[in-house]
Amino acid sequence: MKLFVPLCSSILLIGIFAPKAQSDSPPLQDVCPMAPQGESKLFMNGFLCKHPSTIVASDFKTLLLNHAGDLNNMFRSSVNMVTATEFPGLNTLGLSMARTDIAPSGVVLPHSHPRASEMMFIHGGSVVVGFFDTKGRLFQKTLGQGEVFIFPRGLVHYVMNYGFGRATTFSVLNSQNPGVIGITHAMFTTDSDVVEGLMARMLKFGDMGLSDNSTAGLPWAF
């Protein structure tokens, strides 16, 4: 009994001052079922690292975002995302990058990134951007060169060219594999009338000039 009280006190102090247990690492792919026991193939949540002696400065440089994408498509836009798969230096850093080019009257249709938030910098032109929160509220802004906008993780967002020339944006996302879920493409084919109708309604939406956080009269509501 004499040892019981000091022992309990010691356990309590350890519980209070011991470092908190770290949470599980977030997944870097859509799904990851457990492999059967004894399966020899190795699959990691991420990529193996180079041996330190073989790391060179060029591992941390890329030219993949130095030119505009092909805008000759029905959306008149191009998104080029660079992840650790294309840019080895990003591995383990929790980062990826993207370049978006949009021709006049072009759009990037509603989509989301399940594993990342996105910070977008407007390099040139004028765009209308927006996202919906889980309560259906719309947060929309018209942005010009030099301005920055954030799309929170997992929320549906879109971008439209609001000017008369090409618009270009650069984004940083806080995952080396953010993932992209195209809301429209998940339900309809690219050349469907529904997709074309959504594009027309989105462009009309931008012209309406709705105030920030407004959800009234969403032009793509069916």
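Here, the structure is the one placed above.
Fair warning: this is a prediction, and the values are worked out from it, not measured in the lab.

Novice: When you look at the side chain of N161 in this model, what are you seeing that I'm missing?
Specialist: As for its placement among the helices and strands, N161 is situated in strand β8 (residues 157-161). Within the structure, N161 has its side chain in polar contact with the backbone nitrogen of G163 (distance 2.7 Å).

Novice: How should I be thinking about the layout of surface pockets in this particular structure?
Specialist: Left-over empty space is what a probe sized like a water molecule reveals as it rolls over the atoms. One number sums up the size of the largest pocket: a volume of about 340 Å³. Forming the boundary of the largest pocket are 22 residues, of which V79, V108, L109, H111 and V180 lie nearest the centre. Among the secondary structure elements, those contributing two or more residues to the lining of the largest pocket are β1 (77-82), β2 (96-102), β3 (107-112), β4 (118-124) and β8. Among the elements that take part in the lining of the largest pocket, β3 stands out by supplying five residues, more than any other. Its residues placed into classes, the lining of the largest pocket shows twelve nonpolar, nine polar and one charged. The calculated volume of the second largest pocket comes to roughly 260 Å³. Surrounding the second largest pocket, 13 residues form its lining, C49, K50, P88, G89 and N91 being those nearest its centre.

Novice: Just to check I follow, could you spell out the pairing of β2 for this structure?
Specialist: If a strand is regular, its side chains alternate between the two faces of the sheet. Judged by how many residues are buried, β2 sits mostly within the fold: six of seven residues are covered. Two elements, β1 and β2, share six bridges in a ladder whose sense is antiparallel. Bridging from a neighbouring strand, S77 pairs with I102 of β2. Pairing analysis gives seven bridges linking β2 to strand β9 (residues 167-173), with the strands arranged antiparallel. Opposite T100, over in β9, you have T169 as the bridge partner.

Novice: I tried to follow the side chain of S96 on my own but got confused; where do I start?
Specialist: Within the secondary structure, S96 sits in strand β2. A polar contact of 2.9 Å, which involves the side chain of S96, links it to the backbone oxygen of S175.

Novice: Would you mind showing me how to read the sheet that holds β9 here?
Specialist: The strands making up a sheet associate through hydrogen bonds between their backbones, and the pairing can be parallel or antiparallel. Strand order across the open sheet formed by five strands is β1-β2-β9-β4-β7, with antiparallel pairing between neighbours. What marks the edges here is a single partner per strand, and that holds for β1 and β7 (148-151). With direction set aside, neighbouring strand axes in the sheet form an average angle of 20 degrees. Two elements, β4 and β9, share six bridges in a ladder whose sense is antiparallel. Of the residues in β9, the one forming a bridge with G124 is T168.

Novice: Whenever I open this one, the pairing of β7 confuses me. Can you help?
Specialist: Side-chain alternation along β7 places F149 and F151 on a buried face and V148 and I150 on a face that remains uncovered. In this structure, β4 lies alongside β7, joined through four bridges in antiparallel fashion. Opposite M120, over in β7, you have F149 as the bridge partner.

Novice: How should I be thinking about the sheet that holds strand β6 (residues 138-143) in this particular structure?
Specialist: With antiparallel pairing, the five strands of this open sheet are ordered in space as β6-β5-β8-β3-β10. Each having just a single partner strand, β6 and β10 (181-182) make up the two edges of the open sheet. Pairing of β3 with β8, which is carried by three bridges, proceeds in the antiparallel orientation. Across the sheet, the residue bridging to H111 is H157, located in β8.

Novice: Help me out: how do you make sense of unusual backbone geometry in this one?
Specialist: Excluding glycine, a negative phi dihedral is what most residues carry, and trans is how most peptide bonds are arranged. With phi around 55 degrees, R76 is a residue other than glycine that occupies positive phi space. Here R76 shows up in the loop between α1 (4-17) and β1. Judged by its relative accessible area of 29%, R76 is partly exposed. The phi dihedral of S105 is positive, around 65 degrees, even though this residue is not glycine. With respect to the helices and strands, the residue S105 is situated in the loop between β2 and β3.

Novice: How should the nonpolar core be read in this particular structure?
Specialist: The nonpolar side chains of soluble globular proteins are, as a tendency, buried together. Ranked by internal contacts, the top residues of the largest apolar core, which has 13 residues, are M120, V127, V129, L143, F149, F151 and V159. Within the residue set of this core, elements represented by two or more residues are β4, β5 (127-132) and β7. Here this core takes three residues from β5, the largest share from any one element. Ignoring any residue separated from it by four or fewer positions in sequence, one finds V127 in contact with I122, K141, T142, L143, V159, M160, N161, Y162 and A167. Among the nonpolar cores identified, the runner-up in size contains eight residues, and F75, V107, V128 and Y158 belong to it.

Reading the values: the criteria
- Residues numbered from 1 in each chain as written.
- Predicted model: local features only at pLDDT ≥ 70, side-chain atom pairs only at ≥ 80, totals over all residues.
- Heavy atoms only, no water.
- Helix = DSSP H or I, 4+ residues; strand = E, 2+ residues; numbered from the N terminus.
- Polar contact = N/O pair within 3.5 Å; in protein donor to acceptor, adjacent residues only side chain to side chain.
- 1 Å grid on protein atoms, 1.4 Å probe; cavity = no way out; pocket = protein on both sides within 12 Å on 5 of 7 lines; lining within 4 Å.
- Points joined across faces, edges and corners; volume = space filled by probe spheres on them.
- Nonpolar A, V, L, I, M, F, W, Y, C, P; charged D, E, K, R; others polar.
- Buried < 20%, exposed > 50% of the residue type's maximum accessible area, 1.4 Å probe, protein only.
- Pairing = 2+ DSSP bridges.
- Axes fitted to C-alpha atoms, helices over the stretch in contact; angles between N-to-C directions.
- Core = buried A, V, L, I, M, F, W, Y, C linked by side-chain atoms within 4.5 Å.
- Contact = heavy atoms within 4.5 Å.

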